[in-house]
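These are the residues of each chain, in order.
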Amino acid sequence: QVQLVESGGGLAQAGGSLRLSCAASGSIFSINFMGWYRQAPGKQRELVAGISRGGSTNYSDSVKGRFTISRDNAKNTVYLQMNRLKPEDTTVYYCKAIVTAGPRPYEAQYWGQGTQVTVSS
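Here is a short report on the structure shown in this document.

Conventions we followed
Residues numbered from 1 in each chain as written. Predicted model: local features only at pLDDT ≥ 70, side-chain atom pairs only at ≥ 80, totals over all residues. Heavy atoms only, no water. Buried < 20%, exposed > 50% of the residue type's maximum accessible area, 1.4 Å probe, protein only. Helix = DSSP H or I, 4+ residues; strand = E, 2+ residues; numbered from the N terminus. Pairing = 2+ DSSP bridges. Axes fitted to C-alpha atoms, helices over the stretch in contact; angles between N-to-C directions. Disulfide = S-S within 2.5 Å. Lys, Arg positive; Asp, Glu negative; His and termini not counted. Salt bridge = Lys/Arg side-chain N within 4 Å of Asp/Glu carboxyl O. Polar contact = N/O pair within 3.5 Å; in protein donor to acceptor, adjacent residues only side chain to side chain. Contact = heavy atoms within 4.5 Å.

Re the pairing of strand 7 (residues 67–72)
Only one face of strand 7 is covered, namely the face carrying Phe67, Ile69 and Arg71; the face carrying Thr68, Ser70 and Asp72 is uncovered. The pairing of strand 7 with strand 8 (residues 77–82) spans six bridges and is classified as antiparallel. Residue pairing for strand 8: aspartate 72 is matched across the bridge by threonine 77. Two successive antiparallel strands, strand 7 and strand 8, enclose a turn made up of four residues, where asparagine 76 displays a positive phi of approximately 50°.

Written as structure tokens, this is what we have:
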């Protein structure tokens, strides 16, 4: 079994910064994709930023130039540095990882529990 534990959410002022972390643990053979998603009430969960094992990244248009995703493969951890935060960034952020794991390894996706980000104007 694989677990994703997120940290780093909280309250920030508009224009400020927050850094999210997500650490994966368990019988992990390899982690392929890692990403951050967010879901506002009544809306679908959307990709904020993703990063491949090799370091290729992609971002939603709404966060390009403000957010930076990175990962530490040795620590099985992905980060999201959020700068120039806006009130519309307020919502719950979820970490997702596509992991090959288990005693007979197979690939599956896992989600973190979510962390609240609140940006005040």
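Resuming the write-up.
As for the sheet that holds strand 1 (residues 2–7)
Working definition: the strands of a sheet are paired by backbone hydrogen bonds and lie parallel or antiparallel to each other. Read across the open sheet, the four strands follow the order 1-3-8-7; overall the sheet is antiparallel. Two strands lie at the open edges of the sheet, namely strand 1 and strand 7, each paired on one side alone. Across this sheet, the average inter-strand angle for adjacent strands is 15°, counted without regard to direction.

A look at the state of the cysteines
This structure, assessed with the given rule, holds one disulfide. A sulfur-sulfur distance of 2.1 Å marks the disulfide that ties cysteine 22 to cysteine 95. Since a negative S-S torsion denotes a left-handed disulfide, the cysteine 22-cysteine 95 link at about -80° is left-handed. On the criterion of sequence distance, the pair formed by cysteine 22 in strand 3 (residues 18–26) and cysteine 95 in strand 9 (residues 91–101) is long-range, its members being 73 residues apart. On the accessibility criterion, cysteine 22 (0% relative accessible area) is buried. Taking the relative accessible area as the measure of exposure, cysteine 95 reaches 0% and is therefore buried.

Things to note about unusual backbone geometry
One non-glycine residue with positive phi stands out, namely asparagine 76, at about 50°. Along the polypeptide, asparagine 76 turns up in the loop between strand 7 and strand 8. Look at asparagine 76 and you get partly exposed, because its relative accessible area is 23%.

Structural notes on the side chain of arginine 71
With respect to the element layout, arginine 71 can be found in strand 7. Buried charge without a partner: arginine 71 forms no salt bridge, and the closest opposite charge is aspartate 72, 8.2 Å away. Within the structure, arginine 71 has its side chain in polar contact with the backbone oxygen of asparagine 32 (distance 2.7 Å). Setting aside its immediate chain neighbours within four residues, arginine 71 contacts Ile31, Asn32, Phe33, Met34, Ile51, Ser52, Arg53, Thr77, Val78 and Tyr79.

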